Amino acid sequence: MENGGEKIIKINIEEEMKSSYIDYSMSVIVSRALPDVRDGLKPVHRRVLFGMDELGLTSGKPYKKSARIVGEVLGKYHPHGDSSVYMAMVRMAQEWSLRYPLVDGQGNFGSVDGDSPAAMRYTEARMAKITEDMLVDIDKDTVDMMDNFDGSLKEPTVLPTRIPYLLVNGASGIAVGMATNMPPHNIKDAIDAICAYIDNNDIDIEELIKIIKAPDFPTGGTIYGYSGVRESYLTGRGRVVIRPKTSVEVMPNGREKLIVHEIPYMVNKAELISRIADLINEKKIDGISNINDESDREGMRIVIDIKKDAISNVVLNTLLKHTALQSSFGVNNVALVHGRPRLLNLKDIIRYFVEHRHDVVVRRTQFELRKAEERAHILEGLIIASDHIDEVIRLIRASKTPQDAQAALMDAFSLTDKQAAAIVAMRLGQLTGLEQDKLRAEYEDIEKLIAHLNDVLAHVELRMEIIKNELLAVKAQYGDDRRTDIVYASEEFNPEDFYADEEMVITISHMGYIKRTPLSEYKVQNRGGVGSKGSATRDEDFLEHMIMATMHNTMLFFTEKGKCFWLKVYEIPEGTKQSKGRAIQNLLNIEPDDKVKAYINLLDLKDYDYINSNYIVLCTKKGIIKKTTLEAYSRPRQNGVNAITIKEGDQLLEAKLTNGENDIMIAVKSGKAIRFPESKVRPMGRTASGVRGIWMDDDDEAIGMVCVEPNNANILVVSENGFGKRSAIEDYRITNRGGKGVKTINMTEKTGNLIALIDVTDEDNLMIINRSGLTIRLEVSSLRVMGRNTQGVKLINLRNEDSIAAVAKVSAAKEEENSEVVAEEERGEAEPNGQSEENV
C-alpha cells in the first residue's frame with residue numbers, strides 16, 4: 001500500500017510480537033546472561049578481559065584507572081551502560097565473590113557487608129596472574145574472531161583459556177525463561193577430575209564425584225549434607241546446604257560466646273547481623289544477650305554472647321533455622337553449548353572444556369607449524385646464499401634496484417620471492433662464519449620442531465598429553481587448599497537433637513492461647529483440695545484443653561470446622577504455670593472464627609508401619625463419627641488440611657488415635673453413653689462427612705468420645721458441678737452404632753450436665769481445670785469403681801458460680817512427688833475468685 005511515497009506493509013501484530021520477543025529472549029540468552037561452556041564467561045566479562053589484554057595490563061604492569069579500562073571496553077566492544085561493565089569488573093576483583101579473582105584491584109572494590117565500590121574514577125585495576133592463563137595463545141589464531149558492534153575491530157568469540165573457569169569460579173545469571181547458577185570449585189580438584197577424564201573418557205560421574213568431591217566457596221563455610229551435591233553432579237540440578245564455621249569461647253565467668261568465622265556464600269554479613277539483632281529484639285530468639293561484629297583485615301569474627309542459662313548449640317541451631325546463617329545454593333548448570341542453552345551434568349562440563357582445549361591446541365599447533373615452515377623456507381634461502389656468498393654479492397652489486405637484485409638471485413639459485421627478499425635484506429654482519437653456523441643450527445632446530453608439530457597433529461594421544469601437562473602446570477601454580485568443609489552424614493538440621501524428650505503439659509485456653517509447661521511444675525494434690533493457680537488468663541478466658549506430650553512428639557490439632565494442623569511440641573512456646581501463653585493463631589494458620597477442639601499426640605510420622613496400622617477417629621457434637629487411616633495425615637502442610645466435612649450447625653468435638661480394634665464410646669450432655677466396636681465404622685477419605693455414631697435429641701449434644709481396648713479400661717465421667725464417677729467399661733453393653741445409648745451417671749440439679757468422658761487406669765492422674773483458671777491434680781487410684789447408675793463423688797470443691805471447664809488425663813510423674821494439701825490459712829487468704837494475692 002502506497003502512502004505519500006512510503007510503502008506500508010500490513011502485518012499480524014501477534015506474529016510480530018512473537019518473533020520480536022523470541023529475538024529479544026535469544027539475544028539475552030546468547031549475548032548477555034548465560035556463560036559459554038568453553039571459557040565459562042559471559043560476553044561482558046570476556047570483553048573486559050580482552051580489553052585489558054589489548055591495553056597490556058598484565059599482572060606485572062602498573063595499575064590503570066578503572067575508568068580508562070571501562071572506556072576502552074565501552075568504546076571498542078561493549079556498547080552498553082558503563083555501570084554494567086564496571087560492576088562486572090568489580091565482581092571479578094572481589095575475593096568473596098570469585099573463588100579465583102581475575103582482576104587485581106586497587107582501591108575500594110566493595111565489601112562482604114554489601115558496601116558499594118568506589119566510583120571507577122577512584123579505583124585502579126590490572127589483570128590477576130591467573131587471567132594471563134585465560135588469554136594465553138590468543139594471538140596464535142586459537143579462537144575465532146568476530147567483528148565488533150561497528151565492524152571496525154575484531155573481538156574473540158571465546159577465550160583460549162587453560163583455566164577450567166566454569167568449574168572453578170562458577171556462574172550466575174537470569175536470562176528470559178531460564179537461569180543459571182553454577183557453584184565454584186577448588187582448582188586442584190577440578191583439574192584432577194579433568195585429568196581423570198582425559199585418561200579415561202568412559203569414566204562415570206560417580207568416579208568423578210570422588211575426585212572433585214563438592215563445591216568450594218570463596219567464603220568457606222561447611223557443606224551440610226551430600227545428597228544435593230551428588231544430585232547436582234549427576235543431573236545438573238541440586239540444592240547445596242551451606243552452614244557457617246563456628247567455635248565456642250568460654251569466658252572466665254563461665255559465660256559462653258559463639259564465634260562465627262565464615263558465613264555461607266553470597267550472604268551479606270551486615271544484613272545477617274541486622275536480622276539476628278531484629279530477632280533478638282522481637283523475642284523470637286532466646287538465649288542471646290548481645291551480638292557484635294569484630295571482623296578486621298585478619299578475617300571474619302562475629303561474636304554472639306550467650307545468656308547464662310542458654311546452651312550455645314541450641315542458640316546456634318535456632319539461628320540456622322531462622323536466619324541466612326544456613327542458606328542453600330540452588331545449583332542449575334545451564335550454559336551455552338554451540339550457542340544453545342543446555343543443562344549440563346559434571347561430566348558434560350568437563351567434556352566440553354576438554355574439547356575446547358583440544359581445539360585450541362590443534363589450532364595453536366597449526367599456527368606454529370605454519371610459522372615454523374615459513375621460517376624454515378627463509379632459512380633454506382639464507383643458507384644457499386651463505387654457501388655462494390661471493391656470487392650473491394656480485395649479483396646484488398651489479399643490480400640497479402633491490403627488485404632487480406631479487407630477480408637475479410631467483411634466476412641464479414632457483415629461489416622464491418620471499419627467500420630472495422630475505423637475502424637482499426641481510427645485514428653484512430650475517431656474512432661472518434659464526435652467524436652462518438647459527439643459521440644452520442636454527443634450521444636444524446626448526447626441522448625438529450616441524451617434525452614434532454606434525455607428530456602432534458597426527459596423534460590425538462600427544463595432544464591430550466599436552467592438554468594434561470598444561471593443566472598440571474596451572475594446578476602447580478594456582479592450586480590451594482579447600483576452603484569449604486563437607487559434612488557427609490547430616491542431611492537436614494534435626495532440632496530434636498537439641499531438646500531432651502521431657503514430658504510436657506500443653507494447655508490451650510478458651511480464647512486460643514497455647515503454651516507448654518514441664519510436667520514437673522505440677523504437684524499432686526489429694527481429692528477435695530481447692531487447687532493451685534494454674535494460668536494467668538483474662539477474666540472472660542479459661543483453660544479448655546490440656547494435652548500430655550513429650551518434646552519430640554508431633555501434635556495434630558483439629559478445629560471446630562474440621563481442619564487439621566501439625567506442630568512439633570518443641571515449636572510450642574514454653575511458659576510457666578502462671579503465664580498466659582501465646583495466641584495459637586500466631587503458630588497455626590487458623591481462620592479467625594475457628595478454634596482448636598481436639599488434639600492427637602503422634603510418635604513418628606515417618607514410620608511406615610505406624611501410620612498404616614493406626615487410624616484417626618473423629619466425632620462431632622451432633623454425634624457424627626468418622627474413621628481415616630493415619631497415613632492420610634502423614635504429610636504436614638503449612639496451611640493445614642480438611643479432616644472432615646462438617647455440616648451446617650455442627651462442630652468437631654473430639655479426635656482420637658486408634659489401632660482399628662478398639663471399642664468406641666460417645667457420651668452426651670444429658671447423661672447417656674453408647675459403646676460399639678470400632679469395626680462398625682469403615683475407613684473413609686479425609687474429606688468425607690462420616691456416619692451417625694449416637695442418636696440424640698435436637699437440644700442435646702455429644703460431650704466426649706473415647707476409644708479403648710475392649711474390657712480393659714475404666715470409664716470416668718465428670719459433671720460440670722464437680723461430681724465424677726469411675727465405672728468398669730463392662731457396665732456399658734455393646735450395641736450397634738447409631739443407637740440412643742444407656743445412662744452413664746445419675747443426673748440431678750446438684751451434679752449439673754455431663755462435661756467429660758475419659759478412659760482411665762489406676763496409674764493415671766487427673767487434671768481438672770475450672771472456668772476461673774484454677775487447676776487441681778489428683779490420682780485416679782483415689783476414686784473407687786462404682787456402678788453405672790450412681791451420682792458419683794465430689795472431685796473438687798467449687799466456689800461461688802464456678803464450674804469445671806475441662807478435665808484431662810495425666811500420666812503419673814516418673815519421679816516421687818510429695819502429696820500436697822492446700823493449708824486452711826492459704827484457703828482463707830485466697831481472693832473470692834480463687835486467686836491468691838501473689839498470683840493476682
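Residues numbered from 1 in each chain as written. Predicted model: local features only at pLDDT ≥ 70, side-chain atom pairs only at ≥ 80, totals over all residues. Heavy atoms only, no water.

The name an unreviewed UniProt entry gives the chain is DNA gyrase subunit A, with Odoribacter splanchnicus as the organism. The Subcellular location (unreviewed entry) field of the UniProt record for the chain holds the comment "Cytoplasm". What the UniProt record of the chain gives under Catalytic activity (unreviewed entry) is the line "ATP-dependent breakage, passage and rejoining of double-stranded DNA." (UniProt positions renumbered as here; feature names shortened; annotations may be inferred.)

**Student:** Help me understand the environment of Met-52 in this model?
**Tutor:** Locating Met-52 in the fold gives a position in helix H2 (residues 43-54). Residue class for Met-52 comes out buried when judged on its relative accessible area of 0%. Met-52 has contacts with Leu-57, Ile-69, Val-103, Ala-125, Arg-126 and Met-127, leaving out every residue within four places of it along the chain. (Helix = DSSP H or I, 4+ residues; strand = E, 2+ residues; numbered from the N terminus. Buried < 20%, exposed > 50% of the residue type's maximum accessible area, 1.4 Å probe, protein only. Contact = heavy atoms within 4.5 Å.)

**Student:** Can you help me understand the sheet that holds strand S29 (residues 624-629) in this one?
**Tutor:** Sheets are built from strands that pair by backbone hydrogen bonding, the pairs being arranged parallel or antiparallel. The strand order across the open sheet formed by four strands is S31-S28-S29-S34, and the pairing between neighbours is antiparallel. Edge positions in the sheet fall to strand S31 (652-658) and strand S34 (691-692), since each of these pairs with one other strand and no more. In this structure, S29 lies alongside S34, joined through two bridges in antiparallel fashion. Along S34, the bridge assignment pairs Ile-625 with Val-691. (Pairing = 2+ DSSP bridges.)

**Student:** In this structure, what is going on with the packing of aromatic side chains? I would like to understand it.
**Tutor:** To describe a pair of aromatic rings, you give the distance between the ring centres and the angle between the ring planes. The tally for this structure, following the rule as stated, stands at seven aromatic pairs. Seen from their ring centres, Phe-558 and Tyr-633 are 5.9 Å apart, and the 70 degrees between their planes marks the pair as edge-to-face. One end of the pair, Phe-558, is in strand S24 (residues 554-559); the other, Tyr-633, is in the loop between S29 and strand S30 (641-642), and 75 residues separate them in sequence. Taking the relative accessible area as the measure of exposure, Tyr-633 reaches 0% and is therefore buried. Here the aromatic cluster, defined as three or more aromatic residues joined through ring pairs, consists of Phe-217, Tyr-265 and Phe-329. For the cation-ring pair, Arg-351 lies above Tyr-352, with the distance from its terminal atom to the ring centre recorded as 4.6 Å. Directly above the aromatic system of Tyr-615 lies the positively charged group of Lys-627, at a separation of 4.7 Å from the ring centroid. (Phe/Tyr/Trp six-rings, centres within 6.5 Å; stacked < 30°, edge-to-face > 60°. Lys NZ or Arg CZ within 6 Å of the ring centre and 35° of its normal.)

**Student:** Help me understand helix H14 (residues 402-413) in this model?
**Tutor:** The α-helix advances 3.6 residues per turn, and as a result positions three or four apart in sequence lie on the same side. Helix length check: H14 (12 residues) gives 16 Å between terminal C-alpha atoms against 16 Å at 1.5 Å per residue, within 8%. Considered for burial, the residues of H14 that qualify are Ala-405, Gln-406, Leu-409 and Phe-413. For H14, the arc enclosing every buried residue in end-on projection is 100 degrees, short of the 170-degree limit, so these residues lie on one face. Facing away from the buried side of H14, by more than 90 degrees, are the exposed residues Gln-403 and Asp-411. Buried residues belonging to H14 abut helix H12 (346-387), helix H13 (389-398) and helix H15 (417-424). (Expected span 1.5 Å × (residues − 1). Arc of directions from axis to C-beta.)

**Student:** Whenever I open this one, a nonpolar patch on the surface confuses me. Can you help?
**Tutor:** Residues Ile-22, Met-26 and Val-30 make up a contiguous nonpolar surface patch of roughly 230 Å² in combined accessible area. Structurally, the position occupied by Ile-22 is in helix H1 (residues 13-33). (Patch = residues over 30% accessible without salt bridge, like charges linked within 9 Å, V, L, I, M, F, W, Y side chains within 5 Å. Areas by Shrake-Rupley, 256 points an atom, 1.4 Å probe, with all protein chains shown as cover. Salt bridge = Lys/Arg side-chain N within 4 Å of Asp/Glu carboxyl O.)

**Student:** Before we go on, may I ask you to explain the nonpolar core in this structure?
**Tutor:** Considering soluble globular proteins, one finds that nonpolar side chains tend to be buried as a cluster. Ranked by size, the top nonpolar core spans 83 residues in total, and within it Leu-102, Ile-187 and Ile-350 carry the most contacts. Top contributing element to this core by residue count: helix H7 (residues 187-199), with nine residues. Residues lining this core come from more than one domain, with at least three contributed by each of domain 1 (20-182) and domain 3 (347-478). Sequence-distant contacts of Leu-102, that is, excluding residues within four places in its chain, are made with Leu-41, Leu-49, Met-92, Met-127, Ala-128, Ile-130, Thr-131, Met-134, Tyr-165 and Asn-169. (Core = buried A, V, L, I, M, F, W, Y, C linked by side-chain atoms within 4.5 Å. Domains from an automatic or database assignment.)

**Student:** Please explain the sheet that holds strand S32 (residues 663-668) as it appears in this structure.
**Tutor:** In space, the four strands of this open sheet follow the order S35-S32-S33-S38, with antiparallel pairing throughout. Looking at strand neighbours, the two that pair on one side only are strand S35 (702-708) and strand S38 (742-743), the edges of this open sheet. Inspection of the sheet shows S32 paired to S35 by six bridges, in the antiparallel sense. Paired with Ile-664 across the two strands is Cys-707, which belongs to S35.

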